[in-house]
Structure formats: C-alpha cells, structure tokens
Amino acid sequence: MDPANELRHADTLHLDRRYPEAIDAYRRAVAGNASLHAAWYGLGCASLTLKAYADAADALRQAVALQPGADRVRCNLAEALFQLGEVDGAIAQYQSAADGGDAEVRAVALAGIACIAPGAPHQDNFNVMAARRRWIDWQARGIRRVTAAPPEAGRKLRIGYLGAFFGARNWMKMYMGVINAHDRDRFEFHFLADDAAPSAACGYTDHADDRIWELGGVPNAELARHIVEAGLDVLVDLNGYSYQRRLPVFLYRPARLQICWNGMYGTTGLRDIDWLVGDAAVIPPEEERYYSEPIFRVAGSYLAFSVFYPVPDVAPPPCLRAGHLTFGCFASAYKLTEPTIAAYAGILRDAPASRLLLRNRTLDEASNRAALLDRFARRGIDADRLTLEGGAEHFDFLRGYDRVDVALDAFPYNGGTTTAEALWQGVPMLTCNGDRWAGRTSRSILLAAGLDDYVAADAAGFADAAIRLARAADTPRQLAALRDGMRARVAASPACDTTGLCRALERLYASAEPTAAG
C-alpha cells in the first residue's frame, strides 16, 4: 500500500461526498505514514461532516501537531471540541487561529469565540463582552449606515421580527404565544424569515395584514435597504448568536428602534441595539456594565412559553417502579462541559443507587458516545450507571422524560427550551444560580413557574440537592405529587404568561424614539 496513493484516493472520495469510504482511505493513509498532515486533516474534516466529533477531534489534533501554523485546521478542531462540550479548548484553538495572519480565518475564529463564549467555563461576563465587541468591530469595517424611515403620522407602527427558526416548532414555543397575542389594531407585523416562514404547524395564527418576507439569503446590506423602503419602525431580532450572520444587519441602523429578544445569553456587543430584553432573574443591575445595550426587564420570565403542538401525556415518576432515582439531561452535547460532568459524576458517586439518562443528537454517533463515557470513567463512574441515547422525532424525544425523575441542568450554559420541555412533561429541573446570563435561563423559568425549591444557590448546592433527593425515602411520593397537575400549574403561572409578556413588549415597541446613541 502506498500512503500517498491512498491519500489521493481518499481526497477523490471526499470530493464525491462518499464520506465513510473517504474516512477508511484516510485511515489507511495515516496507518502507512503518520506524518501525512493532509491525510489527518482530510480524516478530521470528513468525520466532522458526519458529526463524528470525537473522531474528528482526534484526527485534527494530529494535523495541528504536524503543522502548528495551520490556522484553518485549528478552526475545524475548535468546532469539533465545542460540539463535545470542550468549550474552553475550542476557544483556545479559535484564539490561536485568530492570532494568525489570514484575515478570512481570523473572521471565522472571532465569530466562533463570540458565539460560544457564554458557555465556556473559564470565560466570564467581561470576556463575553470583549469577545462579542471584537467580532462586531470586525464586522463593522466598511459598513455605512442607511437612513431609517421617518415616522409617518396616522398609520400603525410597523414591527419587524427577524428570525431563522420560524419553522422549528420546538423553538417557536418560546415566541409564538407572544406573536399571536399581539394587537393587530395598533401594530402591523412583518416576519423576516431566513428559513421556513411562520406556519400553522409551528403555532402561527395567520392575520390578513401580517407581512411575511422570505429572505432567501439576501445580503445584510440589501436587507437593510428593504427594511428602510418598507418603513419598518421597530426591528426585533429573535436569533441572537444562534444565527449569527444576520446580527450585522443592525449595524446599518435600518429601523428607528432596534431590539434583541431571546437567543443572546450575554451582550450582543452591538452599540446599535436600543434595548436588550431580559428579566431580573438573568441580568442583575450590577452586571449591566458588561452590556453594550440598555436592559429592558420584563416581569416574570422573558422566556414565557406556550406549547401549541401535540406532546405526550405526563407519566408517573419512574422511581415508583424502579426503586431508585433516575436523573436526566436532554441538553445539547456542547453544554456538557467539564464542570457539568464533574457535578453529575459527584452526584452519581454520592447517590450510588441512582442512574443518569443523557440524550441528544450528538450521541447518535459511536465515537461521541465513547468519548462521553470516557469522561465519566475518568471520574470513577462506570458505563452501567449511564444510559446514552441519540435524537428522535420531537414527540418521541419528549416521551423520553417518562424515564426521568428529576432533570439536571447544564452549566455554565443552562437549558431554555429544554427546561420548558422538562417542566411541561412534569419533570422538575434542578438548576443553580449561575455567574452569567447563560447560567440563569433555567432559573428565570423555574422562578416564574413557582419552583423556587429547585434553584440552588451555586453548583455545590445543586449537587447537594440532587443527592438529598436521591437518598430521601419520601422522594418518590413527593415527585408523584408534584407531577400530578404540574402541567396545569405551570400553564397558569407567569412562566406561561405570554400575553403579559406581549403587552410589555408592545409598550416598548410603542416608545417613540430609540434611547441608544446613534
């Protein structure tokens, strides 16, 4: 076998998108010659495409070791590490890439850091603000503002909702209750959709005067001009850093009032945002200095939600049958950071009869499952204490909560939709008061739902509370009582007061002038 020939063959397969075959050929190439940087890089990229993040990280580490100055490789390695929950390691790789001389790579690296910083254990509010301002400053180069349309007397105020996830019903439960409650007699609504348009399947109630824009990837500069031409008075971002490429449209200042609601988990870094919507649970006054924008705090939770699609019935807690407590976390794998794994492992050690169910799409793939099991094994937790499951159709995914007694939050990046889903399925979510917005989103929902007892003061208190629940003889009875009628209680609480949140936002939209400079 000639390793060079295998590399050429692997590259051909890779270009043909025959990724499993390409991976096999790359492995043969590096088996014959471990110094082939291009083979390790190709192996890493092909594995990344297949979402085999652990295999990708192993290969890309080898490629970086062979060529430390290969900054594009570092960006790919950062993506793989992030998806595995190794967020601090990902930021280190992005930072090394950003320090190189390639402007295109620097742009990718700065964007990556700005996006993931809130979920990195060794970052803090100051670091998040600095990272996002660096990226925004990079994006702002050469941008010339457009002139926002002047107010017109005698017409409804025009509100534009900018979103890329109108077609994702599990995401839209955090928005559609508010959107449907709006007063169409006072406001005219425009939905600027980067992906699927709002639909009944995703909870949207159509109104004759609503306008839907199908953006189709239109560049930000062009979109800004369209916003001015349409005379939108208020532009509201629903994406945050979950659809990062659209945030720079606010740099053009196309609307008189520019607002960000949901999806931020920290400052946007934009000085052109007039209000950032949050609440008292996620942004205390003493942290406002870490935000580029004024904070508009709503009563209750800024994450008030409504479930408008079929979901499974609430099941009894499984501990009634199993005789032990099963904890669960259905958060995305990138939230399973080292502090989170350490806390979970500590709970399992000190509550030796308990079990842990982890479920997310990343765990569909074998190397990712093996990597996660290894992280627990290094902390003394055997694989038979864990159940790892991948993704599923949403209804079946939610049915997984039938096998969970108590959900465990992740930190420093909490659940949001995950927390809402757990509560709706009758499963209490145990969380703690984090050191940043990203670590307090579950707190926002739980306090609004009246579940204060499930909000610990800190990570140590979080673990202690879980261990107490696992050890207490009356926990099954308490959980059964809590689960009985929990959905109705949550629905009647401020956690689901979408109308109240809507009215608060409408008061904000009706303010005549933006408050930020510029």
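Residues numbered from 1 in each chain as written. Predicted model: local features only at pLDDT ≥ 70, side-chain atom pairs only at ≥ 80, totals over all residues. Heavy atoms only, no water.

Asker: I would appreciate a short explanation of the overall build of the protein chain in the present structure.
Answerer: For the protein chain, the count of helices and strands is 21 helices and 13 strands. Radius of gyration (C-alpha) of the protein chain: 24 Å, near the 24 Å computed for a compact globule of 518 residues. Along the first, second and third principal axes, the C-alpha set of the protein chain runs to 80 × 60 × 40 Å. Every one of the 518 residues in the protein chain was classed for burial, and the buried ones make up 58%. For the protein chain, the proportion of contacts with a sequence separation of at least 24, taken over those separated by at least 6, is 70%. Surface exposure of the protein chain reaches about 20,300 Å², of which carbon and sulfur atoms provide 50%. (Helix = DSSP H or I, 4+ residues; strand = E, 2+ residues; numbered from the N terminus. Rg over C-alpha atoms; globule rule 2.2 N^0.38 Å. Buried < 20%, exposed > 50% of the residue type's maximum accessible area, 1.4 Å probe, protein only. Contact = heavy atoms within 4.5 Å. Areas by Shrake-Rupley, 256 points an atom, 1.4 Å probe, with all protein chains shown as cover.)

Asker: Help me out: how do you make sense of the nonpolar core in this one?
Answerer: For soluble globular proteins, the rule of thumb is that nonpolar side chains tend to be buried together. Tyr161, Trp261, Tyr344, Phe376, Phe462 and Tyr509 are the most contacted members of the largest nonpolar core, which totals 184 residues. No other element matches helix α4 (residues 53-66), which puts eight residues into this core. (Core = buried A, V, L, I, M, F, W, Y, C linked by side-chain atoms within 4.5 Å.)

Asker: Teacher, can you tell me more about the packing of aromatic side chains here?
Answerer: To describe a pair of aromatic rings, one takes the distance between the centres and the angle between the planes. Summed over all chains, the structure comprises 22 aromatic pairs. Between Phe82 and Tyr334 the ring centres are 4.8 Å apart and the planes differ by 15°, which places this aromatic pair in the stacked class. Taken together, the residues Phe82 in helix α5 (residues 71-83) and Tyr334 in the loop between β8 (326-329) and α13 (338-350) connect sequence positions 252 residues apart. On the basis of an interplanar angle of 80° and a centroid distance of 5.3 Å, the ring pair of Phe411 and Phe462 is categorised as edge-to-face. Residue Phe411 is found in the loop between β11 (406-408) and α16 (417-424), and its partner Phe462 is found in helix α18 (residues 459-471); the two are separated by 51 residues along the sequence. In terms of burial, Phe411 and Phe462 fall into one category: buried. Here a set of aromatic residues connected by ring pairs shows up, and it is made of Tyr161, Phe166, Tyr175, Phe187, Phe189, Phe191, Tyr204, Trp261 and Tyr509. The side chain of Arg141 reaches across the aromatic face of Trp138, ending 3.8 Å from its centre. The aromatic ring of Tyr413 is capped on one face by Lys335, whose charged end is 4.2 Å from the ring centroid. (Phe/Tyr/Trp six-rings, centres within 6.5 Å; stacked < 30°, edge-to-face > 60°. Lys NZ or Arg CZ within 6 Å of the ring centre and 35° of its normal.)

Asker: Quick question: what am I supposed to make of helix α14 (residues 366-377) here?
Answerer: With twelve residues, α14 should reach 16 Å at 1.5 Å per residue; the first-to-last C-alpha distance of 16 Å fits that figure. All buried positions along α14 are accounted for by Ser367, Asn368, Leu372, Arg375 and Phe376. The inward-facing, buried residues of α14 abut α4, α13, β9 (355-359) and β10 (386-389). (Expected span 1.5 Å × (residues − 1).)

Asker: Mind showing me how you'd approach the pattern of salt bridges here?
Answerer: Opposite charge on two side chains permits pairing when their charged atoms draw close. This structure, assessed with the given rule, holds 28 salt bridges. Among the salt bridges present, the one from Arg61 reaches Asp58, with a minimum N-O distance of 3.6 Å. Of the two residues, Arg61 and Asp58 are both situated in helix α4; the distance of three residues between them amounts to about one turn of the helix. Sharing partners across several salt bridges, the network here consists of Asp58, Arg61 and Glu86. (Salt bridge = Lys/Arg side-chain N within 4 Å of Asp/Glu carboxyl O.)

Asker: Before we go on, may I ask you to explain the sheet that holds strand β4 (residues 234-237) in this structure?
Answerer: Strands in a sheet are paired, the pairing made by backbone hydrogen bonds, and the direction either parallel or antiparallel. Here seven strands make up an open sheet; going across it, the order is β3-β2-β1-β4-β5-β6-β7 and the pairing parallel. Each of the sheet's edge strands pairs with one partner strand only, and the pair in question is β3 (211-214) and β7 (295-298). Adjacent strand axes in the sheet meet at a mean angle of 25° when their direction is disregarded. Examined bridge by bridge, strand β5 (residues 257-261) and strand β6 (residues 275-279) share three bridges and lie parallel to one another. Considered in β6, the bridge of Ile259 is made with Trp275. (Pairing = 2+ DSSP bridges. Axes fitted to C-alpha atoms, helices over the stretch in contact; angles between N-to-C directions.)

Asker: It is not clear to me how the environment of Pro121 should be interpreted in this structure. Could you clarify?
Answerer: Summarising the element assignment, Pro121 is placed in the loop between α7 (103-116) and α8 (125-140). As a C-alpha pair, Pro121 and Cys202 span 81 residues in sequence and 34 Å in three-dimensional space.

Asker: How should the packing of α4 against α14 be read in this particular structure?
Answerer: Relative orientation and spacing of two packed helices are given, respectively, by the angle between their axes and the distance between those axes. Between α4 and α14, the shortest axis-to-axis distance is 6 Å and the interhelical angle comes to 80°. Relative to α14, the element α4 is oriented roughly perpendicular. Here Tyr53, Ala54 and Asp55 of α4 lie close against α14, whose contacting residues are Ser367, Asn368 and Ala371. Taken together, the residues of the contact of α4 with α14 sort by class into three nonpolar, two polar and one charged. (Parallel < 35°, antiparallel > 145°, perpendicular 65-115°, else oblique. Nonpolar A, V, L, I, M, F, W, Y, C, P; charged D, E, K, R; others polar.)

Asker: What's the story with empty space enclosed by the protein in this structure? I'm lost.
Answerer: The gaps left among the atoms become clear once a water-sized probe is rolled over them. Within the structure shown, the criterion is met by three cavities of 30 Å³ or more. If you add up the space inside the largest cavity, you get close to 90 Å³. Along the walls of the largest cavity sit Gln83, Leu84, Glu86, Ala333, Leu336, Thr362, Leu363, Asn368, Ala371, Leu372 and Arg375, which together make up its complete lining. Of the voids in this model, the second largest cavity is the one considered here, and its volume is about 40 Å³. Within the lining of the second largest cavity, the residues separate by chemical class into seven nonpolar, two polar and no charged. (1 Å grid on protein atoms, 1.4 Å probe; cavity = no way out; pocket = protein on both sides within 12 Å on 5 of 7 lines; lining within 4 Å. Points joined across faces, edges and corners; volume = space filled by probe spheres on them.)

Asker: Looking at this structure, how should I read the side chain of Ser444?
Answerer: With respect to the secondary-structure elements, Ser444 resides in helix α17 (residues 441-448). Among residues more than four places away in sequence, those in contact with Ser444 are Asp279, Ala281, Val282, Ser301 and Tyr302.

Asker: Please clarify how the environment of Asp402 should be interpreted in this entry.
Answerer: Position of Asp402 relative to the elements: it lies in the loop between α15 (394-399) and β11. C-alpha of Asp402 to C-alpha of Phe82: the two residues are 320 residues apart in sequence and 29 Å apart in space. Setting aside chain neighbours within four positions, we find Asp402 in contact with Asp313, Ala315, Pro316, Pro318 and Arg483.

Asker: What is the right way to read the pairing of strand β12 (residues 429-432) from this model?
Answerer: Side-chain positions along a regular strand alternate between the two faces of the sheet. Of the two faces of β12, the one holding Met429 and Thr431 and the one holding Leu430 and Cys432 are both buried throughout. The pairing of β11 with β12 spans two bridges and is parallel. Residue pairing for β12: Leu408 is matched across the bridge by Leu430. Handedness of the crossover joining β11 and β12 through α16 is recorded here as right-handed. Taken together, β12, α17 and strand β13 (residues 455-456) constitute a β-α-β crossover, and its handedness is right-handed. (Right-handed = clockwise from strand over helix to strand, strands pointing away.)

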